[in-house]
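Read off the chains here:
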Amino acid sequence: MKLLLKAFRNGLGALIALISRLIPVKKVKRSAQEQEAVNNKAKNIELYQFFACPFCIMSRRVIRSLNIKIVTRDAQTRGGAYREEMMKEAGKVQVPCLKITDGDTVSWMFESADIKTYLEKEFG
Ligand SMILES: N[C@@H](CCC(=O)N[C@@H](CS)C(=O)NCC(=O)O)C(=O)O
């Protein structure tokens, strides 16, 4: 029963994720120069996520609307490198989570609302 419920939840999440991909977002427009600067800045950020998690879907929409390229990392696969890294370095697996690298300093940001606020401040 628990497995069935989990499969249903994942299936529904995946469907919502696909529908969300099909619904266009209004993207921030920039000059080529500004876009290049923003792309370079965004290279220091990675989104640890599950494909079908509703909070991750929302974070990905924010990223799309800000017109930035942020690498996504699969934190769902058990035993996967990114899930293991997150557990070890961030202390827990909770998604969405931003890994922000600033030189030698790495910080982990949880909570979709905080992620949205941070990204809008940095790239809005
Ligand atoms: N308040 C959090 C909720 C995030 C949340 O509940 N994420 C779930 C996935 S949808 C999670 O990380 N679960 C951990 C797990 O399943 O291992 C947010 O808004 O980001």
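Residues numbered from 1 in each chain as written. Predicted model: local features only at pLDDT ≥ 70, side-chain atom pairs only at ≥ 80, totals over all residues. Heavy atoms only, no water.

**Q** Sorry, what's going on with helix α2 (residues 32-42) here?
**A** Each full turn of the α-helix corresponds to 3.6 residues, which orients residues three or four apart in the same direction. Turning to α2, its buried residues number three or more, namely Gln-35, Val-38 and Ala-42. Seen along its axis, α2 keeps its buried residues to an arc of 65°; they face one direction. Of the exposed residues in α2, those oriented more than 90 degrees away from the buried face are Gln-33 and Glu-36. For α2, the secondary structure elements touched by its buried residues are β1 (45-49) and α5 (112-123). (Buried < 20%, exposed > 50% of the residue type's maximum accessible area, 1.4 Å probe, protein only. Helix = DSSP H or I, 4+ residues; strand = E, 2+ residues; numbered from the N terminus. Arc of directions from axis to C-beta. Contact = heavy atoms within 4.5 Å.)

**Q** Quick question: what am I supposed to make of the site of the ligand here?
**A** Close contacts around the ligand come from Phe-50, Cys-53, Phe-55, Arg-83, Val-93, Gln-94, Val-95, Pro-96, Glu-111 and Ser-112, and that covers them all. Here Glu-111 contributes a side-chain N or O atom positioned 2.7 Å from a nitrogen atom of the ligand. Between the ligand and Ser-112, the relevant distance is 2.6 Å, taken from an oxygen atom to a side-chain nitrogen or oxygen of the residue. In isolation the ligand has 510 Å² of accessible area, and contact with the protein removes 66% of it. Partitioned by chemical class, the residues of the shell around the ligand number six nonpolar, two polar and two charged. (Near = heavy atom within 4 Å. Polar contact = N/O pair within 3.5 Å; in protein donor to acceptor, adjacent residues only side chain to side chain. Areas by Shrake-Rupley, 256 points an atom, 1.4 Å probe, with all protein chains shown as cover. Nonpolar A, V, L, I, M, F, W, Y, C, P; charged D, E, K, R; others polar.)

**Q** Help me out: how do you make sense of the pattern of salt bridges in this one?
**A** Pairs can form between side chains of opposite charge once their charged atoms are near each other. This model, assessed by the stated rule, comprises six salt bridges. Residue Lys-99 is joined to Glu-85 by a salt bridge in which the shortest nitrogen-to-oxygen separation is 2.7 Å. Residue Lys-99 is located in strand β3 (residues 97-102), and its partner Glu-85 is located in helix α4 (residues 81-90); the two are separated by 14 residues in the primary sequence. Overall, Lys-99 belongs to the buried group, its relative accessible area being 13%. For Glu-120, the salt bridge goes to Lys-116, with nearest N and O atoms at 3.2 Å. Residue Glu-120 and its partner Lys-116 are located together in helix α5, separated by four residues, close to a single helical turn. Where salt bridges share partners, they join Lys-41, Lys-121 and Glu-122 into one cluster. (Salt bridge = Lys/Arg side-chain N within 4 Å of Asp/Glu carboxyl O.)

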